[in-house]
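The lines below spell out each chain.
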2 protein chains.
Amino acid sequence: MNNLSFEQKQQWVNEQLIHKAEQLNLPKPLREAVFYSINSGGKRLRPVLMVAAYGTFSNDYERIVDMVVALEMVHTYSLIHDDLPAMDDDDLRRGQPTIHRQFDEATAILVGDGLLTYAFQIISTSSKLEAEEKVYSISELSKASGFEGMIAGQYMDLKGEGEDLTVEQLSRIHRRKTGELIRTAVKVGAYLGGATPPQIESLDEYASHLGLIFQVQDDILDVTGDEDEIGKPVGSDASLDKSTYPRLLGLKGAINKRDEYMALANQALKDAHVENSQLKDFIRLFGNRSH
Amino acid sequence: MNNLSFEQKQQWVNEQLIHKAEQLNLPKPLREAVFYSINSGGKRLRPVLMVAAYGTFSNDYERIVDMVVALEMVHTYSLIHDDLPAMDDDDLRRGQPTIHRQFDEATAILVGDGLLTYAFQIISTSSKLEAEEKVYSISELSKASGFEGMIAGQYMDLKGEGEDLTVEQLSRIHRRKTGELIRTAVKVGAYLGGATPPQIESLDEYASHLGLIFQVQDDILDVTGDEDEIGKPVGSDASLDKSTYPRLLGLKGAINKRDEYMALANQALKDAHVENSQLKDFIRLFGNRSH
């Protein structure tokens with residue numbers, strides 16, 4: 001697995017997701033909606049990141065399959081619910097109709113609820129993990145995606161539209177909305193791989209910067225990106241009157257901010273003594289991506 | 001606890017729910033919505049049933065607190081999402097505005113998502129249960145409330161409106177929509193209390209009948225109930241063109257069906273050799289309730 005390219009790892013994640021969804025016995029239209037949601041061409045950044053964190057310490061990739069699938073299911077659920085009319089009201093996601101547009105709102109709510117719940121079912125019934133490992137994984141995943149993590153982040157993001165935020169407030173929202181799940185990918189991956197507690201701590205620091213790199217670059221792309229590549233209209237955040245890094249710091253200031261986080265992430269990797277890990281690639285991947 | 005009345009146990013459950021919600025650090029309006037949702041006067045049937053199943057085998061009630069709270073949070077989340085405009089579109093629940101009416105739809109979706117996730121966080125971080133017990137509890141709870149349980153039940157219930165169902169199809173929907181979580185209350189309660197595997201099996205049978213008793217009586221009350229007591233207009237299911245037991249079997253047939261399930265539940269309790277348990281009271285409680 002360590003020799004696989006990013007695209008090959010994406011492919012592996014896709015296969016595992018489909019395999020788990022195939023095990024569900026569901027009414028036909030609900031089943032179709034589940035497959036639609038997991039076949040939506042996601043970049044699989046979080047699961048591939050988890051694989052890289054795990055692979056830094058262990059080569060026994062079969063052990064982490066269930067956790068990887070669970071992580072991506074939680075991410076998928078969050079996108080489905082965020083896209084709902086009462087939330088961000090998005091008709092398209094990666095150029096395809098969102099679930100509530102392709103099917104209906106009730107189906108979108110239920111598929112989201114189901115994927116979230118299935119994630120915990122998959123981890124708790126995994127034949128590959130010890131009870132202690134399952135408990136650790138579930139507690140980290142539920143905290144990151146729960147009230148004080150992703151939920152509060154999405155709530156503050158929604159309610160903060162049109163308000164003037166400081167850079168600090170903006171970072172706080174993003175840390176919760178997207179950062180916590182990225183940290184979970186690294187932290188649980190490293191833990192299950194067998195990292196030492198100080199290594200986990202440094203890697204958590206790394207992941208925390210990675211989350212902010214991701215978000216700053218997202219905001220930069222909203223200004224400079226190619227519409228076809230990013231899959232949504234350029235300037236759509238600005239038109240929503242959303243606080244973004246370029247808006248608060250200027251485009252040059254935002255780029256400097258991103259580079260600053262990239263340097264901090266590199267330093268944290270050095271502190272974890274895993275400099276040759278594939279985790280290093282993710283700093284460039286998140287910081288230089290064009291979509 | 002065994003000496004407490006049903007009302008005193010309800011009170012105990014309420015206190016534990018509030019205690020757990022108080023531990024959350026949330027933006028103020030989101031926090032208000034969480035407290036509104038758990039202070040909504042629910043009957044706490046599932047958690048009190050779990051306490052009764054547990055208490056049949058153990059008196060150390062502190063051990064089961066976290067699981068009891070998690071169970072009721074999952075039930076509460078399911079009501080919040082079921083009430084949404086895209087689902088059952090209910091403005092009132094127990095005579096009070098539903099969350100999306102009192103706050104807004106986005107808040108209702110997020111509070112539901114948050115309660116579901118918090119349930120798994122509470123169990124996985126419990127200081128009172130062993131890792132193996134947590135894993136068992138999480139797997140049972142996630143299966144019951146997941147795609148093949150509650151979610152499929154709600155989906156089939158929603159999409160089945162206006163369709164003519166057989167009694168068998170109707171039972172199948174209710175087994176999933178409400179039955180699975182009632183079974184979890186009994187099964188996990190008995191397991192954590194220390195029941196033997198054959199006892200758990202018989203009690204699961206008991207709980208399965210209990211779920212159907214609950215649903216048949218619900219449908220009977222929709223025909224014969226007192227509007228103030230049941231908290232929704234009499235005949236509201238019939239007006240939605242929903243299949244109900246009285247509609248399929250006649251009122252007398254539905255009452256016979258309920259009594260049949262009550263006899264089966266009593267027999268299952270005998271098989272489990274726990275006839276003197278408080279679980280016996282639940283058969284009458286579910287079968288004779290007036291709201």
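Rules behind the numbers
- Residues numbered from 1 in each chain as written.
- Chains lettered and ligands numbered in written order.
- Predicted model: local features only at pLDDT ≥ 70, side-chain atom pairs only at ≥ 80, totals over all residues.
- Heavy atoms only, no water.
- UniProt positions renumbered as here; feature names shortened; annotations may be inferred.
- Helix = DSSP H or I, 4+ residues; strand = E, 2+ residues; numbered from the N terminus.
- Rg over C-alpha atoms; globule rule 2.2 N^0.38 Å.
- Buried < 20%, exposed > 50% of the residue type's maximum accessible area, 1.4 Å probe, protein only.
- Contact = heavy atoms within 4.5 Å.
- Areas by Shrake-Rupley, 256 points an atom, 1.4 Å probe, with all protein chains shown as cover.
- Core = buried A, V, L, I, M, F, W, Y, C linked by side-chain atoms within 4.5 Å.
- Least-squares fit on C-alpha atoms with pLDDT ≥ 70 in both.
- Buried area = accessible area lost by both parts, 1.4 Å probe.
- Salt bridge = Lys/Arg side-chain N within 4 Å of Asp/Glu carboxyl O.
- Polar contact = N/O pair within 3.5 Å; in protein donor to acceptor, adjacent residues only side chain to side chain.
- Nonpolar A, V, L, I, M, F, W, Y, C, P; charged D, E, K, R; others polar.

- Per an unreviewed UniProt entry, chain A goes by the name (2E,6E)-farnesyl diphosphate synthase and belongs to Alkalibacillus silvisoli.
- Taken from UniProt, the Cofactor (unreviewed entry) comment for chain A reads in full: "Mg(2+)".
- Note on chain A: under the UniProt heading Sequence similarities (unreviewed entry), the record states "Belongs to the FPP/GGPP synthase family."

**So, the overall build of chain A**
1) Next: A count of helical and extended segments in chain A gives 14 helices and 2 strands.
2) Next: Relative to the globule expectation of 19 Å for 291 residues, the C-alpha radius of gyration of chain A, 18 Å, shows essentially globular dimensions.
3) Next: On the principal axes, the C-alpha backbone points of chain A span a range of 50 × 50 × 35 Å.
4) Next: Counting all 291 residues of chain A, 59% fall into the buried class.
5) Next: Taking the intrachain contacts of chain A between residues at least 6 apart in sequence as the baseline, contacts between residues at least 24 apart amount to 73%.
6) Next: Carbon and sulfur atoms make up 45% of the accessible area of chain A, which amounts to about 11500 Å² in all.

**Thoughts on the nonpolar core**
1) Next: The biggest cluster of nonpolar side chains holds 182 residues, and the ones touching the most others in it are A:Tyr206 and B:Tyr206.
2) Next: Among all residues touching A:Tyr206, those that are not within four sequence positions of it are A:Leu49, A:Val186, A:Ala265, A:Ala268, A:Leu269, A:Leu279, A:Phe282 and A:Ile283.

**Things to note about the relation of the copies chain B and chain A**
1) Next: Between chain B and chain A, the superposition needs a rotation of 180° and an axial shift of 0.0 Å, giving an RMSD of 0.0 Å. In symmetry terms, the pair is related by a two-fold rotation axis. No C-alpha of chain B approaches the rotation axis more nearly than that of B:Ala131, which lies at 2.8 Å.
2) Next: Comparing interface residues between copies, 100% of those in chain B also lie at the interface in chain A; the contact surface is shared.

**Some thoughts on the interface of chain B and chain A**
1) Next: With 50 residues of chain B in contact, the opposing surface of chain A contributes 50 residues.
2) Next: A combined buried area of about 4200 Å² lies between chain B and chain A, and 74% of that area is made up of carbon and sulfur atoms.
3) Next: It is B:Leu110, B:Phe147 and B:Tyr155 that lose the most area in chain B upon contact with chain A, and together they represent 19% of the buried surface on that side.
4) Next: Here B:Lys159 makes a salt bridge to A:Asp104, at a shortest N to O gap of 2.6 Å.
5) Next: For the pair chain B and chain A, the number of links is 6 residue pairs in polar contact (both at pLDDT 80 or more).
6) Next: Counting residues per element, the side of chain B that touches chain A draws most heavily on helix H6 (residues 105-124) of chain B, which supplies 15 residues.
7) Next: Among the residues forming the side of chain B that touches chain A, the class breakdown is 27 nonpolar, 14 polar and 9 charged.

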